[in-house]
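One-letter residues, chain by chain:
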Amino acid sequence: MFHELRVEAVERQGPDAVAVTLAVPEDLRAAFRFLPGQHLTLRHRAEDGTELRRNYSICTPATDPDGPADLTIGIRRLPGGVFSAHAVERLAVGDTLSVMPPAGRFTLVPKPGRVAAITGGSGITPVLSMASTLLAVEPEARFTLLRSERTAADGMFVEEVAELKDRYPDRFQLVHSLTREDLHAGPASGRLDADRLRTLLPALLPVADVDAWYLCGPPGLIDGARTALGDLEVPRERVRTELYHPDDARDVPTGPVRAAAPGGETTGPARGAMLTATLDGRSGGGPVGEGETLLDAVLRGRPDAPYACKGGVCGTCRALLVRGEVRMDRNYALESEELDAGFVLACQSRPLTPEVELDFDR
Ligand code: FES
């Protein structure tokens, strides 16, 4: 459900980005409680009347048990991005934004131990919330951050990260890599690709002792970091990823995802498949039109169905495949354990059997 929140501050973060702070009214604070790493879904009506939804990670620390009195998100202008251009050029204090309560499973639950993150560009946003929360609430925790930007001017939340360094000099380790500036040549200069990370990480920290790794940024950075961590024998279950800039993502079709109960024989892309979906305890059904995803088919009868990016990235449309078989066009949101458990992204799923059933409530 969307709520209207007032813009309390808009602060420039370099030429192409802003930090937007939203006031959370007293009666909504509990509903907007969040875990570090979660995002807000914003709804915006473009000039031509189209409804847009965009996810932006919260960068505020999650330290108030009553829920936040305000929330800050970072918005970077994307090429052709209608909402991001509006936010960077015109959003002003006193405006309101239509906002869904925090969601997302790229999260950190604070506990003692060692955490490391590798970020590229605006991927710093959720990780700033993770680092500031963990260091504030767990005196025994340590955080290592490797952040990468093209130039110093591109960096978002540079001052906020520097403040963490000042406040926790023994527990917060920072490596800032600028990929297009020779001035900063040094061990961490240049791209954070797999080769560089393979050498850099063991020199920086005891890799085997890191309890959780968080990777957040564009596809190239995530692929390289995953490869390096695999080569350094980091167990897969310790690595969490969130992709930024979905438009750069390649389509990587998944293999067929099967539910425990088959929905008839697999036919290849099933024409006229029937979909049953459960959402907020109510079930309904209808045909899946030619070329439609399961989310498109659900939205026809249930406009309240959850989604944001429609690009296989945010995971908002996750649902359990109860019956049948589907193929996903791309998946940058679900981990392999979730796929094994039968979860799919409705916005990327196309039916392979004449009957499919989804449950959005699990
Ligand atoms: S709506 Fe974002 S993954 Fe489906």
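Just so you know, these numbers come straight off a predicted model, no measurement behind them. (Residues numbered from 1 in each chain as written. Predicted model: local features only at pLDDT ≥ 70, side-chain atom pairs only at ≥ 80, totals over all residues. Heavy atoms only, no water.)

### As for the overall build of the protein
If you tally the helices and strands in the protein, you get 7 helices and 19 strands. Expressed as lengths along the three principal axes of its C-alpha atoms, the size of the protein is roughly 60 × 50 × 40 Å. Counting every position in the protein, which comprises 362 residues, the buried fraction comes to 53%. Look at the contacts in the protein between residues 6 or more apart in sequence, and 71% of them connect residues 24 or more apart. For the protein, the computed accessible surface area is about 16,600 Å², with 50% contributed by carbon and sulfur atoms. Taking the average place of the 41 positive charges on the side chains of the protein and the average place of its 53 negative ones, the gap between the two points comes to 2 Å. (Helix = DSSP H or I, 4+ residues; strand = E, 2+ residues; numbered from the N terminus. Buried < 20%, exposed > 50% of the residue type's maximum accessible area, 1.4 Å probe, protein only. Contact = heavy atoms within 4.5 Å. Areas by Shrake-Rupley, 256 points an atom, 1.4 Å probe, with all protein chains shown as cover. Lys, Arg positive; Asp, Glu negative; His and termini not counted. Charge placed at Lys NZ, Arg CZ, Asp CG, Glu CD.)

### Let's talk about the sheet that holds strand S10 (residues 212–217)
Across the sheet, 5 strands lie side by side as S9-S8-S7-S10-S11; this open sheet has parallel pairing. Both edges of this open sheet fall to strand S9 (172–178) and strand S11 (239–243), since each of them pairs with a single strand only. Across the sheet, the mean angle separating the axes of adjacent strands is 10 degrees when strand polarity is ignored. With 8 bridges joining them, strand S7 (residues 113–120) and strand S8 (residues 141–149) adopt parallel strand pairing. Each residue of the ladder has a partner; that of Gly120, found in S8, is Ser148. Across the sheet, helix H3 (residues 158–167) touches S8 and S9, and the angle it forms with S9 is around 145 degrees. Together, S7, S8, S10 and S11 form the strand contacts of helix H5 (residues 219–231), whose direction differs from that of S10 by roughly 155 degrees. (Pairing = 2+ DSSP bridges. Axes fitted to C-alpha atoms, helices over the stretch in contact; angles between N-to-C directions.)

### Some points on a negative patch on the surface
Together, Glu11, Glu159, Glu163 and Asp166 give the surface a local cluster of negative charge. Sort the elements by how many residues they give to the negative patch and H3 lands first, with 3 residues. (Patch = residues over 30% accessible without salt bridge, like charges linked within 9 Å, V, L, I, M, F, W, Y side chains within 5 Å. Salt bridge = Lys/Arg side-chain N within 4 Å of Asp/Glu carboxyl O.)

### Digging into the confidence of the model for the protein
Scored by pLDDT, the protein comes out at a mean of 90, with 90% of its residues at no less than 70. Mean pLDDT values for the elements of the protein range from 68 in strand S12 (residues 257–258) up to 98 in helix H2 (residues 124–137). pLDDT under 50 marks residues 246–252. Its contacts with residues more than four places away, or in other chains, come to 18 contacts. (pLDDT = per-residue confidence, 0-100.)

### Structural notes on the side chain of Arg171
Within the secondary structure layout, Arg171 lies in the loop between H3 and S9. For the buried Arg171, no salt bridge exists, and the shortest N-O distance to an oppositely charged side chain is 7.3 Å, to Asp170. A polar contact of 2.9 Å, which involves the side chain of Arg171, links it to the backbone oxygen of Leu135. A distance of 3.5 Å separates a polar side-chain atom of Arg171 from the backbone oxygen of Pro139. (Polar contact = N/O pair within 3.5 Å; in protein donor to acceptor, adjacent residues only side chain to side chain.)

### Observations regarding the domain arrangement of the protein
Assigned domains within the protein: domain 1 (3–103), domain 2 (113–248) and domain 3 (257–359). For domain 1 and domain 3, the distance between their C-alpha centroids amounts to 29 Å. Between domain 1 and domain 3, the contact holds 5 residues from the first and 6 residues from the second. Between domain 1 and domain 3 the total buried area reaches about 440 Å² when both faces are included, carbon and sulfur atoms providing 43% of it. Among the residues of domain 1 in contact with domain 3, His39, Arg53 and Asn55 are the three that bury the most area, contributing 75% of the side total. Remark: the boundary between domain 1 and domain 3 carries 0 salt bridges. Joining domain 1 to domain 3, the criterion identifies 1 residue pair in polar contact (both at pLDDT 80 or more). Take the side of domain 1 that touches domain 3: its biggest share by element is 3 residues, from strand S4 (residues 51–57). (Domains from an automatic or database assignment. Buried area = accessible area lost by both parts, 1.4 Å probe.)

### So, the packing of aromatic side chains
In this structure the tally under the stated criterion is 3 aromatic pairs. The ring of Phe2 carries Arg43 above its face, with NZ or CZ at 4.1 Å from the centroid. (Phe/Tyr/Trp six-rings, centres within 6.5 Å; stacked < 30°, edge-to-face > 60°. Lys NZ or Arg CZ within 6 Å of the ring centre and 35° of its normal.)

### Re the UniProt feature "domain: FAD-binding FR-type" (unreviewed entry) in the protein
Taking the UniProt record as the reference, the feature "domain: FAD-binding FR-type" (unreviewed entry) is found at residues 1–109. Within the segment residues 1–109, helix and strand shares are 7% and 42% respectively, and the terminal C-alpha atoms sit 25 Å apart. (UniProt positions renumbered as here; feature names shortened; annotations may be inferred.)

### Focus on the side chain of Arg53
Inspection of the secondary structure puts Arg53 in strand S4. Separated by 2.9 Å, the side chains of Arg53 and Glu51 make a polar contact. At a separation of 3.3 Å, a polar atom in the side chain of Arg53 contacts the main-chain carbonyl oxygen of Tyr307. Residue contacts for Arg53: discarding those within four places in its chain leaves Phe2, Thr41, Leu42, Met100, Pro303, Ala305, Tyr307 and Ala308.

### Description of the sheet that holds S4
Strand order in the open sheet formed by 6 strands is S4-S3-S6-S1-S2-S5, and the pairing between neighbours is antiparallel. Among the strands making up the open sheet, the edge pair consists of S4 and strand S5 (70–76). On average, each strand axis in the sheet is inclined to that of its neighbour by 40 degrees, with strand direction left out of account. When strand S3 (residues 39–45) meets S4, the two strands line up antiparallel, connected through 7 bridges. Each bridged residue has a counterpart across the sheet, and for Arg45 the counterpart in S4 is Glu51.

### Considerations on the pairing of S3
Where burial is concerned, most of S3 is hidden: 5 out of the 7 residues are buried. Linking S3 to S4, which pair antiparallel, is a turn of 5 residues; within it Gly49 sits at a positive phi near 95 degrees. As paired strands, S3 and strand S6 (residues 96–103) are joined by 4 bridges and run antiparallel to one another. Among the inter-strand pairings, Leu42 is bridged to a residue of S6, identified as Val99.

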